[in-house]
Amino acid sequence: MNQKLALIIFAFAFMVAIVAGFYSPEREAPAPAAAMREGLRKTREKNASKEAIPAPSPHSSASARNPASAPDPRTSEPPLTKKTYSGLNEEAFNRKYGDEISFSRDDTRVVRMNAIAGRSENLTANQRVSDFHSANASELIGRAREIFSDSRALLGISNDIQFLAPKSTPGDPSGHGQGQVVFQQAIDGVPIYPGGLVSVLIGPDGELRTLDSSVYPSIQVENVASIAVPLESEPVLFVTQSAPVTLLRRAYVIQNRGVQSVVDATTGAELLKLNRRIR
């Protein structure tokens with residue numbers, strides 16, 4: 001009996017010890033339900049802020065909203081350079097070189113100036129060159145350069161168009177003749193052929209008599225030189241199309257017993273053949 005009672009008391013004491021252990025004040029109390037809900041809400045908001053995509057600004061450009069539409073700086077072409085022209089307008093040109101000069105145009109460009117019927121005595125002192133000698137090549141070229149420079153805008157010749165050194169045909173040594181100077185259009189020292197010329201005829205008082213232009217204002221080279229350079233030949237840029245853009249091919253001019261041939265510098269094909277023999 002006493003043994004059974006002792007076992008019952010021991011079992012009861014063991015159960016009390018277990019219950020007391022679960023509710024010990026040293027253990028952390030579980031969070032209230034409201035506190036748990038607030039913690040879950042803050043966690044959801046934090047995760048949402050990490051994943052959210054910001055809305056586009058109303059002031060952003062179309063290219064910013066769509067990167068595929070933005071230009072690629074590696075492939076986009078630079079803006080075209082605006083051509084610049086130097087020289088005088090028609091009124092200023094007449095005032096400097098004479099009112100009797102007439103102008104012939106091809107569209108907006110002057111291609112011919114003509115004062116051949118003008119009389120030198122009608123020119124003012126400022127429109128003449130004192131002590132001018134058309135037989136002197138240096139004086140002739142100097143005056144031609146001045147006229148050419150002043151006429152570039154009228155001729156539609158931009159400042160980036162190149163020319164070879166001018167060639168002159170001096171006038172009569174008596175001082176009463178006319179002299180001529182020719183400017184040949186070129187690219188990096190290679191002349192354009194045929195045409196591409198500005199020819200200036202100057203009278204004995206340094207006055208402009210005529211000016212003729214066959215310059216090409218817009219040019220494009222189509223090929224590169226790849227064949228062996230023929231013997232006794234000169235390189236040229238041969239015109240295959242004159243307008244609206246002048247197309248040029250690198251070529252060689254060959255002179256052989258009075259026969260002039262132009263051969264393509266890439267294919268070797270004959271582009272032109274002229275018989276210049278005297279008959």
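This report concerns the structure included in the present document. The model shown is predicted, which means the values in this text are computed figures rather than measured ones.

**Section: the side chain of Ser 233**
Residue position: Ser 233 is located in strand β10 (residues 233–241). With a relative accessible area of 13%, Ser 233 lands in the buried category. A distance of 2.7 Å separates the side chain of Ser 233 from the backbone oxygen of Pro 230, its partner in a polar contact.

**Things to note about unusual backbone geometry**
The step from Tyr 193 to Pro 194 runs through a cis peptide bond, and the omega angle for that step is -10 degrees. As for its placement among the helices and strands, Pro 194 is situated in the loop between β6 (190–193) and β7 (197–202). Residue Pro 244 is bonded to the preceding Ala 243 through a cis peptide linkage, with omega at 0 degrees. In this fold, Pro 244 is placed in the loop between β10 and β11 (246–256). Of note in the backbone geometry, Asp 107 takes a positive phi value of approximately 65 degrees without being a glycine. Locating Asp 107 in the fold gives a position in the loop between β1 (102–106) and β2 (109–114). The class of Asp 107 is exposed, set by a relative accessible area of 68%.

**A word on the pairing of β6**
As paired elements, strand β5 (residues 179–187) and β6 share 2 bridges and run antiparallel to each other. Bridging from a neighbouring strand, Ala 186 pairs with Pro 191 of β6. Between the end of β5 and the start of β6, which pair antiparallel, lie 2 residues, with Asp 188 showing a positive phi angle near 50 degrees. In terms of strand pairing, β6 meets β10 through 2 bridges, oriented parallel. Note that in β10 the partner of Ile 192 across the bridge is Leu 237.

**Looking at the packing of aromatic side chains**
Applying the stated criterion across every chain yields a total of 5 aromatic pairs. Measuring from ring centre to ring centre gives 4.6 Å for Phe 148 and Phe 183, while their planes differ by 20 degrees; the resulting arrangement is stacked. Of the two residues, Phe 148 sits in helix α5 (residues 137–155) while Phe 183 sits in strand β5, which places them 35 residues apart along the sequence. We classify Phe 183 as buried; its relative accessible area is 3%. Judged by centre distance (6.4 Å) and plane angle (40 degrees), the rings of Tyr 193 and Phe 238 are tilted. Of the two residues, Tyr 193 sits in strand β6 while Phe 238 sits in strand β10, which places them 45 residues apart along the sequence. Taken together, the aromatic side chains of Phe 93, Tyr 97 and Phe 103 make up a single cluster linked through ring pairs.

Criteria and thresholds
Residues take numbers from 1 onward in each chain, read along the sequence in its written order. Since the coordinates come from a predicted model, pLDDT governs what is reported: local features require at least 70, and pairs of side-chain atoms require 80 or more to be given and counted, while whole-chain, interface and lining totals use all residues. Here the side-chain values reflect all heavy atoms present in the structure, with hydrogen atoms and water set aside. Strands are runs of DSSP state E lasting at least two residues, helices are runs of H or I lasting at least four, and both sets are numbered from the N terminus onward. In this scheme, a residue with accessible area under 20% of its type's maximum is buried, one over 50% is exposed, and one in between is partly exposed, where area comes from a 1.4 Å probe on protein chains only. Polar contacts, as used here, are pairs of N or O atoms within 3.5 Å; protein pairs need one atom able to donate a hydrogen and one able to accept it. Residues neighboring in sequence count only if both atoms are side-chain atoms. By this definition, two strands are paired if DSSP reports at least two bridges between them. Any two rings among Phe, Tyr and Trp, with Trp reduced to its six-membered ring, count as a pair given centres within 6.5 Å; such a pair is stacked if its planes are under 30 degrees apart, edge-to-face if over 60, and tilted if neither.

Everything listed is a geometric property; what it means functionally is a separate question.
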